[in-house]
Amino acid sequence: MSAHTPDLAVPACDFTVFGGTGDLALRKLLPGLYQRERQHNLHPDTRIIGVSRHDLDHDGYRDLVTQALFEHIPDDQLEAGALHRLVSRLHHLRLDATDPEGWDGLHSLLKDTPGDGAEETIRVYYLAVGSDLFGPVCERLDDLGLVTPQCRVVLEKPIGSDLASSRVVNDAVGRVFEESQVYRIDHYLGKESVQNLLVTRFANIFLEPIWNSRWVDHVQITVAETLGVAGRGDYYDQAGALRDMVQNHLLQMLCLVAMEPPTYVGGDPVRDEKLKVLRALTPLTGADVDRFTVRGQYTTYGEEIGGPSTTETFVALRAEVQNWRWAGVPFYLRTGKRLATKESTIEVVFKEPPHAMFPHSEGVTTPNRLTIRMQPDEGMQLHLTAKHPGPGGIRLHPASLDLSYDHAFDERSPDAYERLLLDVMRGIPTLFMRRDEVEAAWAWVEPILDQWDRAGVEPVRYHPGTNGPAAAATLIAREGRTWQE
Ligand code: BG6
């Protein structure tokens, strides 16, 4: 093993989920752990402890989780043996994170470690609760003596609601945990195709010479969803699309496209390079915000959340990375709910050849484009111009080289959380955000929020099932470009 090769063995863990009966735990975390259980990745001594305010005993929790697994795991992946193994790891503790009473149960459960003893068991605290509770929970854990160097804490996004509040949260967590023990999750980094972007860029040579402003015309990053805010209205109406998606998922993807090669793919080198990109983003302030951002809201949003609101459910914006490689290349970002399709893609659009040399080919060629599809059907497509077969002259035709994960690899593509949960247990931080990255992302996003607020920018309406407001098309059309739909 080289000095940089992580140890892939998964140690025994006490995996405690605060928010253990919540939507994230039941829809993503426990199904993710189940899938890893099926693959025999979990250590036999690992326990999973759900903490919530619900009055459930261990059996009640086991029933609730079993029901959720039946709901979220496809039938052909439900295996009695794996279900039984996972469910027998489960415990539940009733606890109100804001109330100092009632923590004794957690204390005695965690002190009573099976297997080789407390020193060997890694404690993971997964905080699937609002970030205002991160500080109080960490403090309680510390008071109870439940924080040792073996412990890790996982923080769900968004951390805070602006730069100042994220600093407050990070400071509170940082008083209890070392930065190396903190895993700030952005599940987009766990998606196979997002990781494959790193591999495509850095385990191959062919892209590197053309991956810059000389050859790349622009980049588009789209995360479109068909769902509304289904059951998450309280959270979402406070957050909105800029905080919920752009500050984290979309900016992280932008970083992976724009970053320089790290010295090796490991925690700090990757995060150092992403941080440089975030810090090189041209600030959007004042009139630039009005010109380069679009705020939208679908027409039925108010009905869905039970009252009028000015929260945005759609954002489109134009960013620039001010450095040697990318100066002058626009990065167009957009995301929204209740759109026509559920689709997440990165499009790297290259420049046109300098001269149309094939007779009658003017206006027929389309620029080369690399599409990284995160969902659905994870994969990658390189769009080219090819010769249409036939003897009648040279006719040009668009064609593509297509890498579909489903076809190329005869394996189920794991959900992002599966990968990330194992990485926490193994102690591999590469795909998690460091504090300085989160803060740099807030520092870029915050002036946009401020300007919207100051100028009273109301979201423009769009109809559910469309591609969002017309203003998003205008944003990019003004510069002679179009969104790839
Ligand atoms: C979450 C957001 O982080 O990502 C949600 O809070 C959003 O609002 C979700 O729906 C999208 O994730 P995915 O993996 O379904 O694209």
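Located above this text is the structure these notes cover.
Thresholds, definitions, all that
- Residues numbered from 1 in each chain as written.
- Predicted model: local features only at pLDDT ≥ 70, side-chain atom pairs only at ≥ 80, totals over all residues.
- Heavy atoms only, no water.
- Helix = DSSP H or I, 4+ residues; strand = E, 2+ residues; numbered from the N terminus.
- Rg over C-alpha atoms; globule rule 2.2 N^0.38 Å.
- Buried < 20%, exposed > 50% of the residue type's maximum accessible area, 1.4 Å probe, protein only.
- Contact = heavy atoms within 4.5 Å.
- Areas by Shrake-Rupley, 256 points an atom, 1.4 Å probe, with all protein chains shown as cover.
- Lys, Arg positive; Asp, Glu negative; His and termini not counted.
- Charge placed at Lys NZ, Arg CZ, Asp CG, Glu CD.
- Pairing = 2+ DSSP bridges.
- Axes fitted to C-alpha atoms, helices over the stretch in contact; angles between N-to-C directions.
- Arc of directions from axis to C-beta.
- Core = buried A, V, L, I, M, F, W, Y, C linked by side-chain atoms within 4.5 Å.
- Near = heavy atom within 4 Å.
- Polar contact = N/O pair within 3.5 Å; in protein donor to acceptor, adjacent residues only side chain to side chain.
- Phe/Tyr/Trp six-rings, centres within 6.5 Å; stacked < 30°, edge-to-face > 60°.
- Patch = residues over 30% accessible without salt bridge, like charges linked within 9 Å, V, L, I, M, F, W, Y side chains within 5 Å.
- Salt bridge = Lys/Arg side-chain N within 4 Å of Asp/Glu carboxyl O.
- 1 Å grid on protein atoms, 1.4 Å probe; cavity = no way out; pocket = protein on both sides within 12 Å on 5 of 7 lines; lining within 4 Å.
- Points joined across faces, edges and corners; volume = space filled by probe spheres on them.
- Nonpolar A, V, L, I, M, F, W, Y, C, P; charged D, E, K, R; others polar.

1. Topic: the overall build of the chain
Here's step 1: Summing up its helical and strand segments, the chain has 15 helices and 15 strands in all.
Here's step 2: In terms of C-alpha radius of gyration, the chain reaches 24 Å, essentially the compact-globule figure of 23 Å for 485 residues.
Here's step 3: Expressed along its principal axes, the backbone C-alpha trace of the chain runs to roughly 80 × 50 × 40 Å.
Here's step 4: The 485 residues of the chain split such that 52% are buried.
Here's step 5: Of all intrachain contacts in the chain linking residues separated by at least 6 positions in sequence, the fraction that spans at least 24 positions is 77%.
Here's step 6: Entry remark: accessible area of the chain is about 21,700 Å², with carbon and sulfur atoms responsible for 52%.
Here's step 7: Across the chain, the centroid of the 49 positively charged side chains sits 5 Å from that of the 70 negatively charged ones.

2. Considerations on the sheet that holds strand β8 (residues 293-298)
Here's step 1: Strand order in the open sheet made by the nine strands is β14-β13-β12-β11-β7-β10-β9-β8-β15, with mixed pairing throughout. Each of the sheet's edge strands pairs with one partner strand only, and the pair in question is β14 (395-404) and β15 (460-462). Each strand axis lies, on average, 20° off the axis of its neighbour in the sheet, ignoring direction.
Here's step 2: The sheet strands contacting helix α7 (residues 192-202) are β11 (343-350), β12 (369-375), β13 (379-388) and β14, and the helix crosses β12 at an angle near 145°.

3. As for helix α4 (residues 104-111)
Here's step 1: Among the residues of α4, those classed as buried are Leu 106, Leu 109 and Leu 110. Taken down its axis, α4 places every buried residue within 90° of arc, on the same side.
Here's step 2: Packed against the buried residues of α4 are β1 (13-18), β2 (47-52), β3 (90-94), β4 (122-127) and α5 (134-143).

4. Examining the sheet that holds strand β5 (residues 151-155)
Here's step 1: The six strands lie next to each other as β3-β2-β1-β4-β5-β6, forming an open sheet whose pairing is parallel. This sheet does not close on itself; its edge strands, each paired only once, are β3 and β6 (182-184). Direction aside, the axes of adjacent strands within the sheet are offset by 20° on average.
Here's step 2: Across six bridges, β1 lies against β4 in parallel orientation. Each bridged residue has a counterpart across the sheet, and for Cys 13 the counterpart in β4 is Ile 122.

5. Focus: unusual backbone geometry
Here's step 1: With an omega dihedral of -10°, the bond running from Lys 157 to Pro 158 counts as a cis peptide bond.
Here's step 2: Relative to the assigned elements, Pro 158 resides in the loop between β5 and α6 (163-174).
Here's step 3: One non-glycine residue, His 40, lies in positive phi territory at about 60°.
Here's step 4: With respect to the helices, strands and loops of the structure, His 40 is situated in the loop between α1 (23-38) and β2.
Here's step 5: Exposure remark for His 40: the relative accessible area of 58% places this residue in the exposed category.

6. Regarding the nonpolar core
Here's step 1: Within the largest apolar cluster, 140 residues are counted, with the highest numbers of intra-cluster contacts made by Leu 106 and Phe 331.
Here's step 2: The element contributing the most residues to this core is helix α8 (residues 233-258), with 13 residues.
Here's step 3: Not counting residues up to four positions away in its chain, the partners in contact with Leu 106 are Thr 16, Phe 18, Ile 49, Val 51, Leu 93, Leu 95, Leu 141 and Leu 146.

7. Some words on the site of the ligand
Here's step 1: Neighbouring the ligand are Lys 157, His 187, Tyr 188, Lys 191, Glu 225, Arg 232, Asp 244, Met 245, His 249, Lys 337, Lys 342 and Gln 375.
Here's step 2: Lys 157 is positioned with one of its side-chain polar atoms (N or O) 2.6 Å from an oxygen atom of the ligand.
Here's step 3: The contact in question runs from an oxygen atom of the ligand to an N or O atom on the side chain of Tyr 188, over 2.5 Å.
Here's step 4: Coverage of the ligand by the protein chains reaches 83% of its 400 Å² of free accessible surface.
Here's step 5: Broken down by element, the residue count for the shell around the ligand peaks at three residues, all from α8.

8. So, the packing of aromatic side chains
Here's step 1: In this structure the tally under the stated criterion is eleven aromatic pairs.
Here's step 2: Considering the side-chain rings of Phe 15 and Tyr 126, the 6.2 Å spacing of their centres and the 45° angle between planes classify their relative orientation as tilted. In this pair, Phe 15 is assigned in strand β1 and Tyr 126 in strand β4, connecting sequence segments 111 residues apart. For the pair shown, Phe 15 and Tyr 126 are each scored as buried.

9. Comments concerning a nonpolar patch on the surface
Here's step 1: A surface patch of nonpolar side chains, amounting to about 310 Å² of accessible area, comprises Met 357, Phe 358 and Ile 394.
Here's step 2: Tracing the sequence through the fold places Met 357 in the loop between β11 and β12.
Here's step 3: Its relative accessible area of 60% is what places Met 357 among the exposed residues.

10. Remarks on empty space enclosed by the protein
Here's step 1: Taken as a whole, this structure holds two cavities of 30 Å³ or more when the rule is applied.
Here's step 2: Size it by volume and the largest cavity reaches roughly 50 Å³.
Here's step 3: If you trace the largest cavity, you find it lined by Leu 189, Val 194, Gln 195, Leu 198, Leu 256, Val 270, Lys 274, Thr 430 and Leu 431.
Here's step 4: Breaking the lining of the largest cavity down by element, the ones donating at least two residues are α7 and α9 (267-280).
Here's step 5: The leading source of residues in the lining of the largest cavity is α7, at three residues.
Here's step 6: Class assignment for the residues of the lining of the largest cavity results in six nonpolar, two polar and one charged.

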